[in-house]
Amino acid sequence: MPHFAVLLAAAALIGAASAASAGPTLDQIKKRGILVCGSNPGIAGFALPDDKGLWSGFDIDFCRAIAATIFNDPTKVRFVPLSAKDRFTALQSGEIDVLSRNTTWTQSREVGQGFEFGPVTYYDGQGFMVRRKLNVSSALELSGATICVQQGTTTELNLADFFRSHEMKYDPVVFATADEAIKNYDSGRCDAFTTDMSQLYSERTKLGNPEDHVILPDIVSKEPLGPVVRQGDDQWFNLVKWTHYAMTNAEELGVASKNVDDKLKDPNPEIKRLLGSEGNFGDGLGLTADWAYRIIKLVGNYGEVFDRNLGEGSKLKIKRGANALWTKNGLQYSPPIR
Amino acid sequence: MSAPAFVRSASAPDLPPPVPTAGPMTFVRRRLFAGPAATVFTLLAIAFLIWAAPPVARFLFVDAVWSAPDGGACRAPGAGACWAYIWRKAPYFVYGSYPLDARWRVDIVLAVGAALIAWLAARRAPGRAIAAALLFVAYPICAVVLLYGQAGLGLPVVPTDLWGGVLVTLIMAISGIVLSLPAGVLLALGRRSKLPIVRALSVGFIEVIRGVPMITVLFMANLMLPLFVPESWSPDRLLRPLIGVALFASAYMAEVVRGGLQAIPNGQFEGAMALGLTYPQRMRLVILPQALTIVIPGIVNSFIALFKDTTLVAIVGIFDFLRTVDTARLDPQWAGPTITATGYVFAALFYFVFCFGMSRYSIAMERDLARGVSN
Amino acid sequence: MSAQTGGAAARPRIWNDPFWRGLMLQGALLAAVVALTWFVAGNAVDNMHKRNIPTDFAFWSNPASFDISQTLIPYSATSPNSQVFWVGLLNTLLVAALGVILATLLGFAAGAARLSASWLVARLAGFYIEGVRNVPLLLQIIFWYNVVLAALPDPRGAVALGGVVFLTKRGLFLAAPVARPGFSAVWIALGVGMAATFAFRAFAARRQRETGMSAPVGAVAAALIVAFPLIVYVAAGQPLDFDIPKLRGFNFVGGMKLSPEFAALLFALTLYTGAFIAEIVRSGILAVAKGQSEAAAALGLRPAQTRKLIVMPQAMRVIVPPLINQYLNLTKNSTLAVAIGYPDLFNVFAGTTLNNTGAAVQIVFMTMAVYLIISLVTSGVMNAYNARMSPRER
C-alpha cells in the first residue's frame, strides 16, 4: 500500500510542522521521545509489572494509547510507579506527563490542587471485603470493626464519612500502600479491608485463599476514576481526553484493533472521521489525521482494553456494569468526533 | 653451743601451689562464678540461653528449607527459615528491576568499587592517595555513566526507576559520603572561621539539619526540591533523596571534622602563619592533613550511620535493599510468615556484616593512630 | 624619628588586608546566599502558583475529614487540621517519653551487664549491643511489626495473662483502673510523700556535707512515695475499680489498648536506643580512673558505696551529654512510625494532612520546626547542665 505510506509520511511531516505550535507538554514529550506516565505500583488488572518489568493493565493501556497516538509506538512510554501519597506531587512537579493511576475525580483535587481530570475511564465505588467466617452480610454490621485502609486516598475520607453518617465506631489502621494494607488484612490485623470495588476484586485474587473472603454488596461512595494532567496546558489536556473518547467511539462504531484496517474502507462518515480518512481532526491536538487509527490499531478500543485487563478475558472477571457503553445501559458516553 | 633460736632447723612446710592463672577451670572460677552475684547472673544467663538458643537454631538451620521451587514447602507447618526464597530472590535484592541484559554493568561498577575500597582500606597498601583520588573523583563519574547509560557509547539508557536493591543502597551510601566529605570540611572550617557571617551561616545549616529527623530532610528533598527549581530542571527521582542524604550527611560530617580541627594544637596554626602561608595554604598543607587523619575513625563511624540511614529512602519510594526485601514478601508465590521473617533476618545479617565489619575496622584504625603508626 | 609607618606604600593592598578581604568574602557569600534564596523563593512561588498549590494557612482550620486510631485529646473527622497537628504531636511525645524512660532503664542495665563480673552475662550484653546497633532501626521496626506482633493470635484466641492482660494481633488490652470518689486522697498522699522525700533528701545531703554521716535516702523515699500512698489507699477502702477488657463483637471492648503499631515502635525504639545508651554508660564508667575506686576501697567504702558515691557521680558527668543526645535521636527516630502507620506527628500531619490539602511547603516546614524546637530546647537545657556540672577546679 505505497499510497498509504506516502500519506503517512506526509502526515508525519504535517505533524512535525505542527509540533512547533504544539503545547509545552506535548513538545517536551516529543523532544524527549518518550511519554512518562504515573502508574500504580501494582494492582492486578489496572497496572502490574511482570518479572521482566513489562507493565500491563487497564490504566497502563491508556498510557500506551497516548504513546501510540504520539509516537505510533505503544512501547514509547515509561511508567513511574507512585504511591497514593506521592502521585499528586509527582504530577505537580512535572515529573510525569499524565497520571493514569485509578485516581478519583473530586472537586477539591480539580479546583484546589490545580489538576485537570480527563474523562472517566472507569466508574467505580468503594466497598468492603471481610472474612467469610465473620458472617457479615452488610457494611452496616461493621460497627466496632478494625478496618485496614490505604493512606492519602479518598477511600480513607469516605470511610470516615460512612461511619460518621451511620454513627458507627471503627478502628482505622492506615498503611502507605495498598499492598501493605491487604497484607495486614490477610494476616488478621483487621476485620475488614476497604477500597474501590474493582481493586477489591483484584486484591482478592492475591490472597492465599480467595474463597475465604467476601466482598460486601454495599457501595459507599462514587469513585469516578480517570487520567489526570496539570492545569494550564489545554492542548495536552485535549489530547488525553480525546484518547479516551477515540477508544469509546471506536467501540461504539464497532472498530477494533483486528478490523481497523478493513474499516478504513468503510463508507460510514463517522468511522471515516474517526480514522482520519475524512477531515483532519488530529491537527488541533498537535497530531496527524490518523491519530485515532494508531490508538485502535496498536492498543484497541475501550471494550477490548476492558475485556483483556478486567473483564472476561482476565482473571478478575469484572462485569462491565456502569462501564458499559451508553447504548448498552452503561455510563460510557463520548462526544462525537466532528 | 646451741644454734641461735632464730635459725630454723627444719624446713617449713610447702606452701600450696599458686592458683593456676590459665586453663579452663580458672576461667570458670574467675570469670563465671566469682562471688555470689556473678554466680546468680551466670546461672540466669545459662537459663536464658537454654531457653532461647535451641528454638533459634532450629528455626535458622535445622528446620530451614534450603531449596524449594516456590513458597509451598516453607508454608508447611513446622518449617523454619526459608533460605530457598532468599536464593530465588537474590538477583532482585541486588539489582532491583535493572534490565537482565545490562546487569553486567552493575557487576563492573560493584567490583571496581569494592577493589578501590579494599585498596584504600588496606592499612599498609601503597599509593593510597591514588586510590582516594580514583574513588572520590574518577569512579563516581564512570559509575554514573556506566549505570545510567550513554547512547553515544552504545550503552542503552537505564532509567533510574529501574535501579534497586543493594545497588541503590550502595549508591546512596557511597555518594552520600563522597559528597558530604568536602561539604563537611567546608562547613567545619566555616564554623571555626573568624568571619561572623560565614560562621553564622555554617552554624545555622549544621544545627538545623542536625536538629530535624532525617526523614523530614528526605521529604523536603523529595517534595520541595522540584518546586525550588525551574520546571525544566526538575531533578530525577533517585537524585532527589540522594541530595537529601548528602545534605544530611554533610552536617554530621562537619561536626566530625570540627572535632579533628579542635584537636590540632594552636601552635600548628601559628607556626603555619609564621611561615607566611596564606589561609588556603595553611589549611591544605598543614591543618587538614593532620585533622582529617585524626578523624578517620569518626568518618568511618559516620559512614556506618549513613549506611543504616539510607534505609529511610524506602519511605520516599526508592527501592533500596530493605525496600526490595519488604516488597518481595508481597509476592503471592512466596507469601508466608516464616518467609517474611527469613527476608528480614537476611536483611539484618547483610547490614550487620557491613556495619560491624566497618566498626571493627574503625577500632583497629583508632588503635593504629594511638600508636602513632603513620598511614 | 621619621613616621615611616604612615606612608601609603606600607599600607597593604585592599585585597591583602585581612579585614577588607574578610568583609569582601563575607559580602560575596551573603550575596550568593541571598541570590540563592531569591531564586528558590521565586521559583517556589512561581511553581506553586502555576500548579495551584495553596500558599496560605487556610488548611489549618479546614476540617480534616479522616479518622485517627489513637488520639490523646478529643478528635473526630470533623475536627480541623490544627487538631491533627496536636493529636500527632502528642502521640509523638507519648512514644518518645515512654521510649526515653524504658531505653534509659534498659541501657543502664545493659551497660552494667556489659561490665559484669560474669563473663557470660557480659558477652550476652555485648551480643545484644552490637547486634542491635549494627542493624538499621527501620528494619527492626518493621520486623517487630510484621513478624513478631503479626504472629499473635486473633482476639478470639487471645493470650490472657492473669485475666487482666490480653495479647492479640489487634493490640495489647490491659485492665484500666477507674477511680471511685475518694481516690483523690491517694493522689494527695503521693504528693505529700514526694514533697517529704525531697525535703528529706535535701536534709540528708546537708547533714552528710557537714558531718559525713550518710542517711538511708532510698529506704525513706520508698516508704514515703510507695508505702504511704498505699496505706492511704487501703485506709480509704480501696477506691479503685478495674475496667477489664471483654471480647464483644469484633474485638475487645473496654480497658486500655496499646495498638500493635505503638507497641512495635516503642519496642524497637527502646531496644535500639538502649543499646546506644549501654555503650555510653559503659564508656562513662570506664572513664572514671581506676585509682578512684581503689582509693575508695582503701578508705574502707564497700563496693556498693564506691559505686554510688565515687564512681557513678563522676561517670554521670561523662554520660549525661551523650545520653541527652540519644534522647533527641529517639525523638527524631520516632518519625519512622510512618513505616508501620503509628499516627505520630510526621505520619498524620506531614502524611495524611499534607496529602489531603496539598500544602506541602507549609506543612513540611512546620513539622521540621517542631523537631528543631525540641532539639534546641533540649540542647539549651543540656548546656546549662554542663555548665553546672563541669568539675570545679580548686
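Residues numbered from 1 in each chain as written. Chains lettered and ligands numbered in written order. Predicted model: local features only at pLDDT ≥ 70, side-chain atom pairs only at ≥ 80, totals over all residues.

### A word on the overall build of chain C
Item 1. Secondary structure assignment for chain C yields 11 helices and eight strands.
Item 2. Its C-alpha atoms give chain C a radius of gyration of 29 Å, more than 25% over the compact-globule value 21 Å for 394 residues.
Item 3. Once the C-alpha set of chain C is aligned to its principal axes, its extents read approximately 95 × 70 × 45 Å.
Item 4. The contacts of chain C with a sequence gap of at least 6 include a subset with a gap of at least 24, amounting to 65%. (Helix = DSSP H or I, 4+ residues; strand = E, 2+ residues; numbered from the N terminus. Rg over C-alpha atoms; globule rule 2.2 N^0.38 Å. Contact = placed C-beta atoms within 7 Å.)

### Remarks on the overall build of chain A
Item 1. Counting its regular elements, chain A contains 13 helices and 13 strands.
Item 2. Scaling as 2.2 N^0.38, a compact globule of 338 residues should have a C-alpha radius of gyration of about 20 Å, and chain A matches this with 21 Å.
Item 3. Taken across its 338 residues, chain A has 56% of its residues classed as buried.
Item 4. Within chain A, contacts between residues at least 6 apart in sequence are counted, and of these 72% link residues at least 24 apart. (Buried ≥ 20, exposed ≤ 12 C-beta atoms within 10 Å, placed from the backbone.)

### Some points on the interface of chain C and chain B
Item 1. On the chain B side, the residues contacting the 47 residues of chain C number 45 residues.
Item 2. Among the elements of the structure, helix 1 (18-50), helix 3 (119-133), helix 4 (137-148), helix 10 (345-357) and helix 11 (360-389) of chain C are those that each provide at least two residues to the side of chain C that touches chain B.
Item 3. Considering each element in turn, the side of chain C that touches chain B owes the most residues, 11 residues, to helix 1 of chain C.
Item 4. Across the side of chain C that touches chain B, the residue classes tally to 33 nonpolar, 12 polar and two charged. (Nonpolar A, V, L, I, M, F, W, Y, C, P; charged D, E, K, R; others polar.)

### Topic: the interface of chain C and chain A
It is common to report an interface's size as the accessible area lost on association of the parts.
Item 1. Every contact between the two is made by 23 residues of chain C and, on the other side, 28 residues of chain A.
Item 2. With three residues, helix 10 of chain C is the largest single contributor of residues to the side of chain C that touches chain A.
Item 3. Of the residues contributing to the side of chain C that touches chain A, the split by class is seven nonpolar, 10 polar and six charged.

### Section: helix 5 (residues 103-121) of chain B
The α-helix advances 3.6 residues per turn, and as a result positions three or four apart in sequence lie on the same side.
Residues and elements named next belong to chain B.
Item 1. Helix length check: helix 5 (19 residues) gives 27 Å between terminal C-alpha atoms against 27 Å at 1.5 Å per residue, within 8%.
Item 2. The complete set of buried residues in helix 5 reads Arg 105, Val 106 and Val 109. Viewed along the axis of helix 5, the buried residues span an arc of 100 degrees, placing them on a single side of the element. Turned more than 90 degrees away from the buried face of helix 5, the exposed residues are Trp 104, Asp 107, Ala 111, Ala 114 and Ala 118.
Item 3. Elements that come into contact with the buried residues of helix 5 comprise helix 4 (83-95), helix 6 (128-148) and helix 7 (165-191). (Expected span 1.5 Å × (residues − 1). Arc of directions from axis to C-beta.)

### Looking at the environment of A:Ser277
All names here are of chain A.
Item 1. Here Ser 277 lies in the loop between helix 11 (269-275) and helix 12 (291-298).
Item 2. Judged by the 17 C-beta atoms lying within 10 Å of it, Ser 277 is partly exposed.
Item 3. When the C-alpha positions of Ser 277 and Ser 221 are compared, they lie 43 Å apart, and in sequence the two are 56 residues distant.

### Notes on the nonpolar core
Item 1. The biggest cluster of nonpolar side chains holds 258 residues, and the ones touching the most others in it are C:Leu139, C:Ile141, C:Leu265 and C:Val364.
Item 2. Among the elements that line this core, the one with the most residues is helix 7 (residues 260-287) of chain C, at 15 residues.
Item 3. Apart from the residues within four sequence positions on either side, C:Val364 is in contact with B:Thr216, B:Phe219, B:Met220, B:Leu223, B:Met224 and C:Ala350.
Item 4. Counting residues in each nonpolar core, the second largest holds five residues, with C:Ala158, C:Leu172, C:Phe173 and C:Phe252 among its members. (Core = buried A, V, L, I, M, F, W, Y, C linked by C-beta atoms within 7 Å.)

### Some details on the sheet that holds strand 11 (residues 192-196) of chain A
Residue and element names in this part refer to chain A.
Item 1. Spatially, 10-9-11-8-12 is the arrangement adopted by the five strands of the open sheet, whose pairing is mixed. Looking along the sheet, the strands with just one partner apiece sit at the ends: strand 10 (170-175) and strand 12 (213-215). Neighbour-to-neighbour, the strand axes of this sheet turn through a mean angle of 30 degrees, independent of strand direction.
Item 2. Relative to strand 11, strand 9 (residues 145-150) runs parallel, the two being bridged by two bridges. Within the sheet, the bridge partner assigned to Cys 148 lies in strand 11 and is Phe 193.
Item 3. Its contacts with the sheet place helix 8 (residues 197-204) against strand 8 (126-131), strand 11 and strand 12, and it is angled at close to 125 degrees to strand 11. (Pairing = 2+ DSSP bridges. Axes fitted to C-alpha atoms, helices over the stretch in contact; angles between N-to-C directions.)

### Regarding the domain arrangement of chain A
Residues and elements named next belong to chain A.
Item 1. Domain assignment breaks chain A into domain 1 (7-123 + 224-328) and domain 2 (126-221).
Item 2. Listed by partner, the interface residues are 17 residues for domain 1 and 16 residues for domain 2.
Item 3. Of the residues assigned to the side of domain 1 that touches domain 2, the class counts are nine nonpolar, six polar and two charged. (Domains from an automatic or database assignment.)

### Comments concerning the environment of C:Phe252
Residues and elements named next belong to chain C.
Item 1. With respect to the helices and strands, Phe 252 occurs in strand 7 (residues 251-253).
Item 2. Among the residues examined, Phe 252 registers 20 C-beta atoms within 10 Å and is labelled buried.
Item 3. C-alpha separation for the pair Phe 252 and Arg 170, spaced 82 residues apart in sequence, amounts to 8.9 Å.
Item 4. Setting aside chain neighbours within four positions, we find Phe 252 in contact with Pro 155, Phe 166, Phe 173, Pro 245, Lys 246 and Leu 247.

### What to know about the confidence of the model for chain C
Item 1. With 96% of its residues at a pLDDT of 70 or more, chain C shows a mean pLDDT of 87.
Item 2. With pTM at 0.83, the complex prediction returns an ipTM value of 0.88. (pLDDT = per-residue confidence, 0-100.)

### A look at the environment of B:Tyr92
All names here are of chain B.
Item 1. When you line up the elements, Tyr 92 lands in helix 4.
Item 2. Residue class for Tyr 92 comes out partly exposed when judged on the 19 C-beta atoms lying within 10 Å of it.
Item 3. Distance in space between the C-alpha atoms of Tyr 92 and Gly 165 is 6.7 Å, their sequence separation being 73 residues.

### Some remarks on the pairing of strand 11 of chain A
All names here are of chain A.
Item 1. Counting buried positions along strand 11 gives five out of five residues, so the element sits mostly inside the fold.
Item 2. The pairing of strand 8 with strand 11 spans five bridges and is classified as antiparallel. Within strand 11, the residue paired with Gly 127 across the bridge is Thr 195.

### Comments concerning the sheet that holds strand 1 (residues 159-161) of chain C
Residues and elements named next belong to chain C.
Item 1. Sheet architecture is open: four strands sit in the order 1-2-3-8, paired in antiparallel fashion. The sheet terminates laterally at strand 1 and strand 8 (256-258), the two strands that pair on one side only. The mean angle between the axes of side-by-side strands here comes to 20 degrees, regardless of whether they run parallel or antiparallel.
Item 2. Judged from the three bridges that link them, strand 1 and strand 2 (residues 165-168) form a sheet pairing that is antiparallel. Pairing of Leu 161 across the sheet is with Val 165, part of strand 2.

### Topic: the packing of helix 15 (residues 321-328) of chain B against helix 16 (residues 337-371) of chain B
All names here are of chain B.
Item 1. Relative to each other, helix 15 and helix 16 sit at 165 degrees, their axes nearing to 9 Å. Here helix 15 lies roughly antiparallel to helix 16, going by the angle between them. Crossing of helix 15 over helix 16 shows right-handed handedness. Contacts from Phe 321, Leu 322, Val 325 and Ala 328 in helix 15 reach Gly 343, Tyr 344, Ala 347 and Phe 350 in helix 16.
Item 2. When the residues that make up the contact of helix 15 with helix 16 are grouped by side-chain class, the tally is seven nonpolar, one polar and no charged. (Parallel < 35°, antiparallel > 145°, perpendicular 65-115°, else oblique. Left-handed = near helix turned anticlockwise from the far one by under 90°.)

### So, the confidence of the model for chain A
Residue and element names in this part refer to chain A.
Item 1. Predicted confidence across chain A gives a mean pLDDT of 86, with 93% of residues reaching 70 or more.
Item 2. Element-level pLDDT for chain A is lowest in helix 1 (residues 2-19), with a mean of 40, against a maximum mean of 95 in helix 3 (residues 58-71).
Item 3. Across residues 1-22 the pLDDT falls below 50, and counting only partners more than four positions away or on other chains, this stretch makes 15 contacts in the model.

### Observations regarding the packing of helix 11 (residues 239-263) of chain B against helix 13 (residues 279-294) of chain B
All names here are of chain B.
Item 1. Contact pair helix 11 / helix 13: the axes reach a minimum separation of 8 Å and the direction vectors enclose 120 degrees. At the point where helix 11 passes helix 13, the crossing takes the right-handed sense. Residues Val 257, Gly 260, Leu 261 and Ala 263 of helix 11 pack against Ile 287, Ala 291, Leu 292 and Ile 294 of helix 13.

### A short note on unusual backbone geometry
All names here are of chain A.
Item 1. Positive phi values are uncommon outside glycine, yet Asn 135 reaches one of about 60 degrees.
Item 2. Position of Asn 135 relative to the elements: it lies in the loop between strand 8 and strand 9.
Item 3. For Lys 317, which is not glycine, the phi torsion reads 55 degrees and is therefore positive.
Item 4. For Lys 317, the position within the fold is in the segment after helix 13 (302-309).
Item 5. In this structure Lys 317 comes out as exposed when scored by C-beta crowding, with 12 C-beta atoms within 10 Å.

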